Amino acid sequence: MMTATTAASPKGRRRDGPTRLGRGGKSRHGAAGPLFVAPFMVLFLLLFLAPLGYAAYLSLFQSRLIGGTVFVGLDNYTQALGDPQFLHGIGRVALFFVIQVPLMLLLALLFALALDSGLLRLARVIRLGIFVPYAVPSVVAALMWGYLYGPDFGPFAQLSRKLSLPVPDFLSDGWMLGSLANIVTWEFVGYNMIILYAALRTIPTELYEAAAMDGAGAWRIAWSIKLPALRPALLLTLLFSVIGSFQLFNEPNLLMKIAPDVISSSYTANLYAYTLAFTGQQVNYAATVSFLLGLVIVIASYAVLLTANRRRTP
């Protein structure tokens, strides 16, 4: 009896084995987290924060013929806020966003709902066909559509001549913004569709079964179940679209070669910053324009998030 009692007497002894402790009494597992995060933090510091800080430093200086590079403080920002080329570029991409993004997201939503309905034949082939344009580099897409838009040898122009119809000038001043919107929509509908389709696949099937038992049809299920569940995914695609629209660069830069009278070097704010830096050799002012463009993107993204949160609040 005494032996059995003695063997069981130590209180609080755990049977799951001792915990390995490092120096100072801390668990070795606690040090694994910082080690896994360290590579990302180093790359984030070297590839993002350091260039951003250097650009901020450059934006505070000006290169002058007399005196060399001098510190000017916020004079570059004051000049940029009154620069009509920069302001017109911001206004143009804002108009592009208002026209292009709703159409693109609407098409992506319709394709995602159609694929999720299960009523389409060859759904995998259709899904891949819609997504393939996103895999095409934007440079190749712009060159391809630039050829299709061509007023001399483009297929649309040739077909119009054969039918004795007026040749559409897709590269004119009145059509250019819509032509750019068409290219970007063709590129990114599949990307946004995949995001929305993945969100639809996470909806529990029990909700559909319960709605069907209550007599809800396909349209009612889509409106009352699918669309509310897609709000976070739609908000995500909208934020991506805000950033992408205000950073519009490749498409106008390439179409500028075939329509130089319509697309200038300041057609978009991003193109204007690129021209200032690599053509005009105004690196300091280009850094200023880039910072202000980033500020506009942050404000627009915050406005989208604020609007979405207000709508959710009853």
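These figures come from a predicted structure and were not determined experimentally.

This part covers the overall build of the chain. The helix and strand inventory of the chain stands at 14 helices and two strands. Only carbon and sulfur atoms are counted for the fraction: they give 67% of the accessible area of the chain, which is about 20400 Å².

With that out of the way, let us pick up the packing of aromatic side chains. We describe a pair of aromatic rings using the distance from one ring centre to the other and the angle between the two ring planes. One pass over the full model with this rule turns up 17 aromatic pairs. Centre to centre, the rings of Phe44 and Phe48 are 5.1 Å apart; their planes meet at 25°, and the pair counts as stacked. Within this pair, Phe44 and its partner Phe48 are both found in helix 2 (residues 32–58), separated by four residues, close to a single helical turn. For the ring pair Tyr149 and Phe170, a centre distance of 5.3 Å and an interplane angle of 40° mean the geometry is tilted. Of the two residues, Tyr149 is situated in helix 6 (residues 138–149) and Phe170 in the loop between helix 7 (155–162) and helix 8 (176–201); the sequence distance between them amounts to 21 residues. This pair shows no difference in class: Tyr149 is buried, exactly as Phe170 is. When the ring centre of Tyr208 is taken as origin, the NZ or CZ atom of Lys226, which lies over that ring, is 5.6 Å away.

So, about unusual backbone geometry. Even without a glycine there, the phi angle at Ser164 is positive, about 55°. Relative to the helices and strands, Ser164 resides in the loop between helix 7 and helix 8. The backbone of Gln281 sits at a positive phi, close to 55°, despite the residue not being glycine. By the secondary structure assignment, Gln281 is in the loop between helix 13 (269–278) and helix 14 (283–312).

Under the definition given, this model contains two salt bridges. A salt bridge links Arg201 to Asp116; its shortest N-O distance comes to 3.3 Å. Of this pair, Arg201 sits in helix 8 while Asp116 sits in helix 4 (residues 84–117), and the two are 85 residues apart along the sequence. A relative accessible area of 11% means that Asp116 is categorised as buried. Among the charged side chains, a network of salt bridges with common partners joins Asp116, Arg201 and Lys226.

This brings us to the packing of helix 4 against helix 11 (residues 231–246). For the pair helix 4 and helix 11, interaxial distance at closest approach is 9 Å and the crossing angle is 145°. Handedness of the crossing formed by helix 4 with helix 11: right-handed. Taking contact as the criterion, the partners of Ile90, Val93, Ala94, Phe96, Phe97, Gln100, Val101, Met104 and Leu105 in helix 4 are, on helix 11, Thr237, Leu238, Ser241, Val242, Ser245 and Phe246. Tallied by class, residues from the contact of helix 4 with helix 11 come to eleven nonpolar, four polar and no charged.

Another aspect to go through is the environment of Arg64. By the secondary structure assignment, Arg64 is in strand 1 (residues 61–64). Beyond its immediate chain neighbours, meaning those up to four positions away, Arg64 contacts Val70 and Val72.

On to the nonpolar core, then. Counting residues in hydrophobic clusters, the biggest one holds 46 residues, and the most contacted among them are Phe86, Leu196, Leu230 and Val289. When residues of this core are traced back to their parent elements, those giving at least two are helix 3 (75–81), helix 4, helix 8, helix 9 (205–213), helix 10 (218–229), helix 11, helix 13 and helix 14. When residues of this core are assigned to their parent elements, the largest contribution, twelve residues, is made by helix 4. Filtering out sequence-adjacent residues up to four positions away, Leu230 remains in contact with Leu109, Leu196, Ala199 and Leu200. Listed in part, the 21 residues of the second largest apolar core include Leu171, Leu177, Leu255 and Ile263.

What counts and what doesn't
Residues numbered from 1 in each chain as written. Predicted model: local features only at pLDDT ≥ 70, side-chain atom pairs only at ≥ 80, totals over all residues. Heavy atoms only, no water. Helix = DSSP H or I, 4+ residues; strand = E, 2+ residues; numbered from the N terminus. Areas by Shrake-Rupley, 256 points an atom, 1.4 Å probe, with all protein chains shown as cover. Phe/Tyr/Trp six-rings, centres within 6.5 Å; stacked < 30°, edge-to-face > 60°. Buried < 20%, exposed > 50% of the residue type's maximum accessible area, 1.4 Å probe, protein only. Lys NZ or Arg CZ within 6 Å of the ring centre and 35° of its normal. Salt bridge = Lys/Arg side-chain N within 4 Å of Asp/Glu carboxyl O. Axes fitted to C-alpha atoms, helices over the stretch in contact; angles between N-to-C directions. Left-handed = near helix turned anticlockwise from the far one by under 90°. Contact = heavy atoms within 4.5 Å. Nonpolar A, V, L, I, M, F, W, Y, C, P; charged D, E, K, R; others polar. Core = buried A, V, L, I, M, F, W, Y, C linked by side-chain atoms within 4.5 Å.

Any functional reading would require information that these geometric values do not contain.
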